[in-house]
Amino acid sequence: MTIQSTRREILRGGLAAAGLGVLGLPDWALPALAQGETLVPFTDIPENVKFDTPPDRRIFDFRTLDGPFTPKDKFATTQHYGHPDVDLATFKLKVSGLVDRPKTLSLDELKKIGSGDLVAGFECSGNRGPLQGLCGNGKWTGVPLKAVLDSAGVKAPAREFVFFGADHGEEEIEWRTQKFKLDQQYGRSMTREKALSPEPFLAWALNGEPLTKHQGSPLRLLVPGWYGMANVKWLAQIHVQEEQYLGKFQARWYRTLRGEMIDGEMKWKETGITHMRPKSFIARVTKDGSRYKVLGVALNDGSPLKVVEVKIDEGPWQAATMDPTTKDRFGWKFFTYAWNGATPGAHTLVSRVTDAGGTVQPTEQELETKKSFLEHNAQSPRKVMIS
């Protein structure tokens, strides 16, 4: 299947939805297709993939990428207990536990504490190739979490900050040989140091519009640089406590099992999932006459990036060009690569990112000792056919 779009059509639709303009931006920096430019189909898309998924299980089709901010009706969504309807008129965020002044805050009261914007992109911790569709990038409006916690006054013994969503459901829980049916509420936690840092953010709008039900309306948590499971949607309560929180989605569900050689012996370690590991992937390949261009996305935990490289078949790694308009610390970074001398036939393209600290995006083989599919940041080859 070949998808063709003119630049005018893309700008009328996607860029308008994302609230973007074209003045002052060089043409090459925009990922919208140029006049006469067409997509080169990937040949590795599984036959059972459906891009017309319901809004509570949406994946983003990167072939339709038309700007740095993902429109609300394309932003990837996942869920454990469905997407609840929260009444905005009666909504109150509870702040409880080890605080001097417990709070029940309406959205208007939150806005009085402060308001600002944050550009942040993230992926589900289960996001992986070849599609990489469980992610999105947006301009969020809200208030820093620290400002809300400061207004409540955090007590000295507080060590763990727990965030509960309004989404919940009954599940059977097994403890040794006993089984219980309990109502489980989605919850995640973070340490005092992280919660009181400048980054965590409570958002009520995406790309200049109120959050939709599927993006966590009326309020959600954002932890920039972390995987999506930390960004609790439909945020209902912040509970501050001293003891470690061991809820299902903190202690058991979102964990990585990885082997590590220590003194010549393999040791298996289970670790919590928090910050995103450096990843890049190829979003699409386009053709304009005899010229071919590769467009890709890099995302990580906000650490500076050194270089993104692209390799064609078994050729050498070649540096890609970073898009200077996508430079926000926690936002997606676009890169392009001019594929010169493309020959007819089947080809494999892959990218890798290296951050400023020297960490290189691993290959699939280098992740062989990781036994869970979460945190999968391996290089992701894509296949195309040049006619």
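Residues numbered from 1 in each chain as written. Predicted model: local features only at pLDDT ≥ 70, side-chain atom pairs only at ≥ 80, totals over all residues. Heavy atoms only, no water.

**Considering the sheet that holds strand S11 (residues 235-241)**
Stated formally: DSSP calls a pair of strands paired once it identifies at least 2 bridges connecting them. Where helices and strands are cited, they refer to DSSP runs of H or I of at least four residues and of E of at least two residues respectively, numbered from the N terminus. Axis definition: a line fit to C-alpha positions, over the contact stretch in the case of helices; interaxial angles, taken between N-to-C directions, run 0 to 180 degrees. Whether two residues are in contact is decided by their heavy atoms: any pair within 4.5 Å suffices.
One open sheet accounts for 5 strands, arranged S3-S2-S11-S6-S7; its pairing is mixed. Each having just a single partner strand, strand S3 (103-105) and strand S7 (178-191) make up the two edges of the open sheet. Within this sheet the neighbouring strands show an average axis-to-axis angle of 30°, counted without direction. As judged from the 6 bridges shared by strand S6 (residues 160-175) and S11, these two strands associate in the antiparallel manner. If you follow Gly-165 over to S11, its bridge partner there is Leu-235. Along the sheet, helix H3 (residues 145-152) contacts strand S2 (93-97), S3, S6 and S11; its crossing angle with S3, the most-contacted strand, is approximately 135°.

**Details of the sheet that holds strand S16 (residues 305-312)**
Strand order in the open sheet formed by 4 strands is S17-S16-S20-S21, and the pairing between neighbours is antiparallel. Both outer strands of the open sheet, strand S17 (318-319) and strand S21 (382-386), are each paired with one neighbouring strand and no more. When strand S20 (residues 345-355) meets S21, the two strands line up antiparallel, connected through 5 bridges. Paired with Ala-346 across the two strands is Met-385, which belongs to S21.

**Some points on the environment of Phe-334**
To keep things clear, this is the line we draw: Each residue gets one of three labels from its accessible area relative to the maximum for its type: buried under 20%, exposed over 50%, partly exposed in between, using a 1.4 Å probe on protein chains only.
Of note, Phe-334 is situated in strand S19 (residues 333-339). The class for Phe-334 is buried, based on a relative accessible area of 2%. Taking C-alpha positions, Phe-334 is 43 Å from Pro-102, a pair spaced 232 residues apart along the chain.

**Some remarks on unusual backbone geometry**
Between Gly-129 and the following residue, Pro-130, the backbone shows a cis peptide bond with an omega angle of 5°. Note that Pro-130 resides in the loop between strand S4 (116-123) and strand S5 (135-144). With an omega of 10°, the peptide bond between Ser-217 and Pro-218 qualifies as cis. With respect to the helices and strands, the residue Pro-218 is situated in the loop between strand S9 (209-210) and strand S10 (220-222). A positive phi angle, close to 55°, is found at Asn-207, a residue other than glycine. Checked against the element boundaries, Asn-207 lands in the loop between strand S8 (201-206) and S9. Notably, Asp-313 is not glycine yet its phi reads approximately 55°, a positive angle. When you line up the elements, Asp-313 lands in the loop between S16 and S17. On the basis of relative accessible area, Asp-313 is assigned to the partly exposed category, the value being 29%.

**Observations concerning the pairing of S4**
Where burial is concerned, most of S4 is hidden: 6 out of the 8 residues are buried. Across 8 bridges, the pairing between S4 and S5 is antiparallel. Residue pairing for S5: Val-119 is matched across the bridge by Lys-139.

**Some details on the environment of Ala-320**
Summarising the element assignment, Ala-320 is placed in the loop between S17 and strand S18 (321-322). Between the alpha carbons of Ala-320 and Pro-55 there is a distance of 34 Å; along the sequence they are 265 residues apart.

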